[in-house]
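Letter by letter, the chains look like this.
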Amino acid sequence: YLDWAFAPAWKAHAALRSNRIVFESNDRYVAAGNGDDSGDRRYQRLPPAVALVCSVGASSNVYVSASSGFETPTAAELAYRPDQSSGLNFGLSASTNRQFEFGYKHRREDAAINVAAFMVNTADESVPATSSAGRTTFQNGGDTSRRGLEASADWQAVHSPVAVRFAYTFLRAVFRDGYQVLDTGGRRIPPGSIIPGIPRQQWFAEAAWRRGLPGFGAALEWQARSRVSADDANGAFAPGFGVVHARAMYRFRWRAVEIQPFTRLENVFDRKYISSVIVNDASVVPESPSVT
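Every chain begins its residue count from 1, and numbering advances along the sequence as written. Per-residue local features of the predicted model are confined to residues with pLDDT of at least 70, and side-chain atom pairs are confined, for both listing and counting, to 80 or more; whole-chain, interface and lining totals are unaffected and use all residues. Water and hydrogen atoms were dropped before computing side-chain values, which therefore reflect all heavy atoms in the structure.

Caption draft 1: Fine view of the packing of aromatic side chains. Note on aromatic pairs: the rings of Phe, Tyr and Trp (six-membered ring only in Trp) are paired at centre separations within 6.5 Å, and the planes decide the class, stacked below 30 degrees, edge-to-face beyond 60, tilted for the rest. Under the criterion given, the structure shown has 8 aromatic pairs. Site record: aromatic cluster; members linked through ring pairs are Trp4, Phe6 and Trp10. Whether a charge sits over a ring comes down to the Lys NZ or Arg CZ being within 6 Å of the ring centre and within 35 degrees of the ring normal. Above the face of the tyrosine 80 ring, arginine 135 is positioned so that its terminal group lies 3.9 Å from the ring centre. One Lys or Arg, arginine 227, reaches over the ring of phenylalanine 237 and ends 3.8 Å from the middle of that ring.

See below:
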C-alpha cells in the first residue's frame, strides 16, 4: 500500500493485493461404475487499485479511483456440471472486473454529504447453463455492465437530540453480451437484458431522537426499492415497495457497563411485499417483458 501526499491539497493512493483461492474435492466413494471425481481448481490474481484525492477547503474532498478485481464461482455454482456428468464444475472460470469511481465527500460538525458515481465492467460473468428440478448449473457468459450513483446525507444540529439521514442508490446493471442457455429449448438471453435480483433504485430515510445518558430514544425508518427482475430473460418481475420500521430504546449505565435494551417493529403498516427473489428459478412464470 502506498500513500503519497505530493502537494498540500493532493494525495495519491495505490495498492496491490495478492489473492489465491483453491477449491478441492476428494472423492472417497470410488467403486465399479462410480469413478473417482476428485479434483481441484485454483484461482489467483494480483489486482491493483489507484486513487487521487484533492482537498477542497478544510472539510471537503474530491476523489477519483480505478481498480480491478475478480470473483470466483461460489461452491453452489461449482456443485454440478452442465453436461450432467459427475464431479464438480471445475471448468467454470472466475469473472474479472474493472471499476472506476468519482466522488465528493463533505463533513462538518453537524452534517455530512457523500456523492459517488461509478462504473463496473465485468467479463466472464457466471450465468445459468441449465435449470431443472431445483438444480441449476452454471457457465461463463459474456460481459456485463453496471453504472450507478450513490448519495447520502446526515444531519444533526450541535446539542440537538434529533438526527436525520437519507440515502439513495441508482444502479443500471445489464448484460452487455447475450448468451445461450443450454437447457431444453435453447433460450437465448439478448444483449441489454437487466441483470436479475438487482433493483434499479433504492431509498432509505431515517429520523431519530435520542436523549442523553440515561435517556430514551426512538426512530422511524423508511426503506423502498424499485421492481426487481426474477430471471435473466426479464420475463417476470417482483414489484417495488416501500415499508416503514420503528424502534425504541433506553440507554443507562450500571456501574462501568452501558446497557441499551431496545424493541423494533418491522413493517409498521403491515404491507405485503416480496423481500427476496430466487433468480432464474425453473418455476418462474413469464409475463410480458418490460425493461423500463
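Let us keep going from here.
Caption draft 2: Spatial organisation of unusual backbone geometry. Of note, the amide linkage connecting leucine 213 to proline 214 takes the cis form, showing an omega dihedral of 0°. The secondary structure listing takes helices from DSSP runs of H or I that are at least 4 residues long and strands from runs of E that are at least 2 residues long, numbered from the N terminus. Residue placement: proline 214 occurs in the loop between strand E15 (201–210) and strand E16 (215–225). Backbone geometry places aspartate 124, a non-glycine residue, at a positive phi of 60°. Considering the arrangement of structural elements, one finds aspartate 124 in the loop between strand E8 (111–123) and strand E9 (126–132).

Caption draft 3: Fine view of the pairing of E9. Strands qualify as paired when DSSP identifies two bridges or more between them. Bridge analysis of E9 against strand E10 (residues 135–140) gives 6 bridges, and the strand direction is antiparallel. From the neighbouring strand, proline 128 faces E10, where its bridge partner is phenylalanine 138. Linking E9 back to E10 in an antiparallel pair, the connection comprises 2 residues, with alanine 133 at a positive phi of about 55°.

Caption draft 4: Structural detail: the nonpolar core. In this description, a nonpolar core means a group of buried Ala, Val, Leu, Ile, Met, Phe, Trp, Tyr and Cys residues linked to one another through side-chain atoms lying within 4.5 Å. Only protein chains enter the calculation, and the probe is 1.4 Å; a residue is then buried if its accessible area is under 20% of its type maximum, exposed if over 50%, and partly exposed in between. By size, the foremost hydrophobic cluster in this structure holds 10 residues: Phe118, Val120, Val127, Leu171, Ala173, Phe175, Tyr179, Val181, Ile189 and Ile195. Broken down by element, the residue count for this core peaks at 3 residues, all from strand E12 (residues 162–175). Residues within four places of alanine 173 in sequence aside, it is in contact with Ser145, Arg146, Ser193, Ile194, Ile195 and Ile198. Ranked by size, the runner-up nonpolar core spans 6 residues in total, among them Tyr43, Phe70, Leu78 and Ala94. We call two residues in contact when some of their heavy atoms are within 4.5 Å.

Caption draft 5: Local environment of the side chain of histidine 245. Take histidine 245: it is sitting in strand E19 (residues 241–254). Relative accessible area serves as the criterion here: at 3%, histidine 245 is assigned to the buried category. At 3.1 Å, the side chain of histidine 245 forms a polar contact with the side chain of glutamate 266. Discounting residues that sit within four places of it in the chain, histidine 245 has contacts with Ala219, Leu220, Glu221, Gln223, Arg264, Leu265, Glu266, Asn267 and Val268. Between N or O atoms, a polar contact is any pair within 3.5 Å; within protein, one atom must be a potential hydrogen donor and the other a potential acceptor, and residues adjacent in sequence are included only when both atoms are from side chains.

Caption draft 6: Structural detail: the pattern of salt bridges. Basic side-chain nitrogens of Lys or Arg form a salt bridge, by our definition, when they fall within 4 Å of a carboxyl oxygen of Asp or Glu. Tallied over the entire structure, the rule returns 10 salt bridges. Close ionic contact of arginine 42 with aspartate 40 constitutes a salt bridge, the shortest N to O distance being 2.6 Å. Take aspartate 40: its relative accessible area is 39%, and that puts it in the partly exposed class. Note that arginine 251 is salt-bridged to glutamate 258, the shortest N-O span being 3.2 Å. Here glutamate 258 falls in the partly exposed class, since its relative accessible area comes to 41%.

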